[in-house]
Amino acid sequence: SELATAEDELTAAEAEFEERVEALADQASEFDVEVAAENLEKLRDTVVPDLIEDTNAELNDIGNAIAEHRNDKQRYEEDLAEIKDLGEQDKCPKCGKTVEDAHVESEVEELEAAIAAAQEAVEDAQDTEADLQSRKDELQAFREDLLDTITYRDDTLEAARDEVESLRDEVEEMQSRI
């Protein structure tokens, strides 16, 4: 009968919706977020936007840190070039005093170590930045799937429920006439 077909379609739509919610829950576990059919709006309206906003703020901070580390490295490289020039002249261009080779070597070693440390800091920060960008991409994909699930519930599932309800009302009306 038409009612039986509609009920089967409703059962299938309900199962599809539950599967979508479970898939969202699996996706959300890495963000430490609980997903249930009852909290989809809250996730859409506040939880996910807040997570994306926080991630964007962290991305901004790490971008600034990368720039600072690069500036430090450049400054150390400039200082190193200056110290090496100084070693070749044997006299300080500022005060005219003789510069000891051991002092130049010591300065060179310190600056080379500082350059290496700054480069390592840049690389570490870039790794963090890549992780944060990946998290942001995953959050945005989760948000899209969340919106699709809400749309599915509001459109397909509700239409199936309305159809079954309408057909049941018709059947009741016919039975009351008999």
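Quick note: structure is the one above.
Residues numbered from 1 in each chain as written. Predicted model: local features only at pLDDT ≥ 70, side-chain atom pairs only at ≥ 80, totals over all residues. Heavy atoms only, no water.

Draft legend 1. View of the overall build of the protein. Broken down by element type, the protein carries 3 helices and 0 strands. Overall, the protein shows an N-to-C arrangement of helices and strands of α-α-α. Over its C-alpha atoms the protein spans a radius of gyration of 33 Å, topping by over 25% the 16 Å that the globule rule assigns to 178 residues. Structurally, the protein occupies a C-alpha span of about 120 × 20 × 20 Å along its principal axes. Within the span of the protein, comprising 178 residues, buried residues form 26% of the whole. Partitioning the intrachain contacts of the protein with sequence separation of at least 6 by distance along the chain shows that 78% fall at a separation of at least 24. Entry remark: accessible area of the protein is about 11800 Å², with carbon and sulfur atoms responsible for 44%. Measuring between centres, the 17 positive side-chain charges of the protein sit 6 Å from its 58 negative side-chain charges. (Helix = DSSP H or I, 4+ residues; strand = E, 2+ residues; numbered from the N terminus. Rg over C-alpha atoms; globule rule 2.2 N^0.38 Å. Buried < 20%, exposed > 50% of the residue type's maximum accessible area, 1.4 Å probe, protein only. Contact = heavy atoms within 4.5 Å. Areas by Shrake-Rupley, 256 points an atom, 1.4 Å probe, with all protein chains shown as cover. Lys, Arg positive; Asp, Glu negative; His and termini not counted. Charge placed at Lys NZ, Arg CZ, Asp CG, Glu CD.)

Draft legend 2. View of the nonpolar core. Core analysis: the largest hydrophobic core is formed by 25 residues, its most contacted members being Val 35, Leu 40, Leu 43, Phe 142 and Leu 146. Those elements that provide at least two residues to this core are helix 1 (2–28), helix 2 (40–89) and helix 3 (101–177). Here the element with the most residues in this core is helix 3; it accounts for 9 residues. Those residues within four positions of Val 35 in sequence are excluded, and the remaining contacts are Val 21, Leu 24, Ala 25, Ala 28, Leu 40, Leu 43 and Phe 142. Membership of the second largest hydrophobic core comes to 8 residues, among which are Leu 80, Leu 86, Val 99 and Ile 115. (Core = buried A, V, L, I, M, F, W, Y, C linked by side-chain atoms within 4.5 Å.)

Draft legend 3. Region of the structure containing the packing of aromatic side chains. The full count for this structure, using the stated rule, is 1 aromatic pair. Both rings, one in Phe 31 and one in Phe 142, keep their centres 6.1 Å apart while their planes meet at 55 degrees; by these two values the pair is tilted. You can see Phe 31 sitting in the loop between helix 1 and helix 2 and its partner Phe 142 sitting in helix 3, a full 111 residues away along the chain. This pair shows no difference in class: Phe 31 is buried, exactly as Phe 142 is. (Phe/Tyr/Trp six-rings, centres within 6.5 Å; stacked < 30°, edge-to-face > 60°.)

Draft legend 4. Examining a negative patch on the surface more closely. Together, Glu 2, Asp 8, Glu 9, Asp 162, Glu 163, Glu 165, Asp 169, Glu 170 and Glu 172 line one region of the surface with negative charge. Mapped by element, the contributors of at least two residues to the negative patch are helix 1 and helix 3. The greatest single-element share of the negative patch, amounting to 6 residues, is contributed by helix 3. Secondary-structure assignment places Glu 165 in helix 3. (Patch = residues over 30% accessible without salt bridge, like charges linked within 9 Å, V, L, I, M, F, W, Y side chains within 5 Å. Salt bridge = Lys/Arg side-chain N within 4 Å of Asp/Glu carboxyl O.)

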